[in-house]
Amino acid sequence: MTDRSATFAKVAEQITPFNNKGVALDESTTFAGDLEWDSLTVMDFVAAIEDEFDIIITMNMQAEIETVGQLVDAVEKLAE
């Protein structure tokens, strides 16, 4: 599972500039609850993730992704 941990590390690196509260990240960290992101922050962050991994995350997928772990799973699936 080294690839997944590398993906998690890259995702965490992309979260850092948006993590104004300094929340410790793990698989269950939520974007809305723990990080307290508004919709504009989410859009900026999604753009950063799409650029980093060269993927497209659809609006439907975004609506289903609530935690860092779910995002890592989605990135892994899309990057195949």
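Quick note: structure is the one above.
Below, the structure is looked at part by part.

Reading the values: rules and limits
- Residue numbering note: each chain is counted from 1, following its sequence as written.
- Where local features are concerned, this predicted model is filtered to residues with pLDDT of at least 70; where side-chain atom pairs are given and counted, the filter is 80 or more; whole-chain, interface and lining totals use all residues.
- Side-chain metrics rest on all non-hydrogen atoms present in the structure, leaving aside hydrogens and water.
- Numbering goes from the N terminus for both helices and strands, where a helix is a DSSP run of H or I of at least four residues and a strand is a run of E of at least two.
- Type-normalised accessible area, obtained with a 1.4 Å probe on protein chains alone, sets the label of each residue: buried when under 20%, exposed when over 50%, and partly exposed for intermediate values.
- In this description, contact between two residues means that some pair of their heavy atoms is separated by no more than 4.5 Å.
- As used here, the term nonpolar core means buried Ala, Val, Leu, Ile, Met, Phe, Trp, Tyr and Cys residues forming a set that is joined through side-chain atoms within 4.5 Å.
- Note on aromatic contacts: the rings of Phe and Tyr and the six-membered ring of Trp form a pair at centre separations within 6.5 Å, being stacked when their planes are under 30 degrees apart, edge-to-face when over 60 apart, and tilted otherwise.
- An expected span of 1.5 Å times one less than the residue number is assigned to each helix.

Focus on the environment of Val23
Examined against the element boundaries, Val23 turns out to sit in the loop between helix H1 (2-15) and helix H2 (39-53). A relative accessible area of 22% places Val23 in the partly exposed class. In this structure, the C-alpha to C-alpha distance between Val23 and Lys10, residues 13 residues apart in sequence, is 16 Å. Not counting residues up to four positions away in its chain, the partners in contact with Val23 are Thr29, Asp34 and Leu35.

Details of the nonpolar core
Val11, Ile15, Phe31, Phe45, Ile49 and Leu71 are the most contacted members of the largest nonpolar core, which has 21 residues in total. Once residues lying within four places of it in the same chain are set aside, the contact partners of Leu71 are Val11, Phe31, Phe45, Ile49, Ile57 and Ile65.

Some words on the packing of aromatic side chains
Counted under the stated rule, the structure contains five aromatic pairs. Ring plane angle 80° and centroid distance 5.8 Å describe the contact between Phe18 and Phe45, whose orientation is recorded as edge-to-face. In this pair, Phe18 sits in the loop between H1 and H2 while Phe45 sits in helix H2, placing the two residues 27 residues apart along the sequence. Residue classification places Phe45 among the buried residues on the basis of a relative accessible area of 4%. Judged by centre distance (5.2 Å) and plane angle (35°), the rings of Phe31 and Trp37 are tilted. Using a relative accessible area of 9% as the deciding quantity, one classes Phe31 as buried. The exposure class assigned to Trp37 is buried, which follows from its relative accessible area of 10%. Here a set of aromatic residues connected by ring pairs shows up, and it is made of Phe18, Phe31, Trp37 and Phe45.

Some remarks on H2
With 15 residues, H2 extends 21 Å between its outermost C-alpha atoms, agreeing within 8% with the 21 Å of an ideal straight helix rising 1.5 Å per residue. Burial in H2 covers these residues: Thr41, Phe45, Val46, Ala48, Ile49, Glu50 and Phe53. Asp54 sits one or two residues past H2 and shows a positive phi near 55°.

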